[in-house]
Amino acid sequence: MRLSRILKRKRYIQIKLKKINTNHFELKVAINGVLGRFILDTGASNSCIANDLAEKFKLIVEDSETKAAGAGATGMETKISSKNKLEIQNWKFKNQTLVLLDLTHVNTALTEHKAKAIDGIIGADVLEKGKAIIDYKKHRLYLKKIVFKF
């Protein structure tokens, strides 16, 4: 039996990923109803958005004491935004916290490799919530549907 069928039975949603020139996977994500371009980064502990896009994604932003570090950059100032609606195709989470930081160094590296700039990064926090399974061969991300209890 195929992986996609097994996971569909277990209430997973299949999401197509696009492999870009840097070998990252790109995906479309809607934050608060606004669609953006994101890369999938299993090594990023938190999902984040470029700090200059807060208004575009309708984020309510608060100051943060936390400094961010990533590939090629350390000690970056951050802000935080809570209670955001995140949608990746049919997978939805209604209370997503996002870190806002300067993604200039990431976008510079992407554009130098002839890839398009991104709005943000989907990190391990979302992957963990969705009990993610990544099929690298078929460029698919599977996230388990979250059932909200009211």
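Everything discussed here concerns the structure shown above.
Note that the structure is a prediction, hence the values are computed from the model and not measured.

Draft legend 1. Broad picture of the sheet that holds strand E10 (residues 133-135). Strand order across the open sheet formed by 3 strands is E1-E11-E10, with antiparallel pairing between neighbours. Edge positions in the sheet fall to strand E1 (12-16) and E10, since each has one partner strand and no second. Here the average twist between neighbouring strands, direction ignored, is 20 degrees. Where E10 meets strand E11 (residues 140-144), 3 bridges bridge the pair, whose relative direction is antiparallel. Following the sheet pairing, Ile 133 is matched in E11 by Tyr 142.

Draft legend 2. Structural detail: the pairing of strand E4 (residues 34-40). Buried residues dominate E4, accounting for 6 of its 7 residues. Pairing between strand E3 (residues 25-31) and E4: 7 bridges, direction antiparallel. Bridging from a neighbouring strand, Val 29 pairs with Gly 36 of E4. Turn length for the E3-E4 hairpin, with the two strands adjacent in sequence and antiparallel, is 2 residues, and the turn residue Asn 32 shows positive phi of about 50 degrees.

Draft legend 3. Quick look at helix H2 (residues 104-112). Here H2 has its buried residues at Val 106, Asn 107 and Leu 110. An end-on view of H2 places all buried positions within 90 degrees of arc, on one side of the element. Where H2 ends, the next residue or the one after it, Lys 114, has phi of about 60 degrees, a positive value.

Draft legend 4. Region of interest: the nonpolar core. Of all hydrophobic cores here, the largest spans 39 residues; its most connected members are Ile 31 and Ile 88. Ranked by residue count, the leading element in this core is strand E8 (residues 91-101), at 6 residues.

Draft legend 5. View of the pairing of E3. Burial analysis of E3 places 6 of its 7 residues in the buried class, which makes it a mostly covered element. Inspection of the sheet shows strand E2 (residues 18-19) paired to E3 by 2 bridges, in the antiparallel sense. Within the sheet, the bridge partner assigned to Lys 19 lies in E3 and is Phe 25. Remark: 5 residues form the turn of the hairpin made by E2 and E3, two consecutive strands paired antiparallel; Asn 23 in that turn has positive phi of roughly 70 degrees.

Draft legend 6. Up close: the pattern of salt bridges. What the rule picks out here adds up to 4 salt bridges. Of the charged contacts in the structure, one is a salt bridge between Lys 56 and Asp 119, with a shortest N-O distance of 3.5 Å. In this pair, Lys 56 sits in the loop between strand E5 (48-50) and strand E6 (61-70) while Asp 119 sits in the loop between H2 and strand E9 (120-122), placing the two residues 63 residues apart along the sequence. Residue Lys 85 pairs with Glu 87 through a salt bridge whose shortest N-O separation is 3.7 Å. With relative accessibility at 18%, the residue Glu 87 sits in the buried group.

What counts and how
- Along each chain, the written sequence defines residue order, and numbers are assigned to residues from 1.
- Given that this is a predicted model, residues contribute local features only at a pLDDT of at least 70 and side-chain atom pairs are listed and counted only at 80 or more, while totals for whole chains, interfaces and linings are drawn from all residues.
- Excluded from the side-chain calculations are hydrogens and water; all other atoms, namely the structure's heavy atoms, are used.
- Two strands pair under a simple rule: DSSP has to find at least two bridges between them.
- Where helices and strands are cited, they refer to DSSP runs of H or I of at least four residues and of E of at least two residues respectively, numbered from the N terminus.
- Axis lines are fitted through C-alpha atoms, for helices just across the contact stretch, and the angle between N-to-C directions can take any value from 0 to 180 degrees.
- When accessible area is computed with a 1.4 Å probe and restricted to protein chains, residues below 20% of their type maximum are described as buried, those above 50% as exposed, and intermediate ones as partly exposed.
- Arc, as used here, means the arc of the directions from the helix axis to the C-beta atoms.
- We call a set of buried residues a nonpolar core when its members are Ala, Val, Leu, Ile, Met, Phe, Trp, Tyr or Cys and they connect through side-chain atoms within 4.5 Å of each other.
- Any carboxyl oxygen of Asp or Glu within 4 Å of a side-chain nitrogen of Lys or Arg constitutes a salt bridge here.

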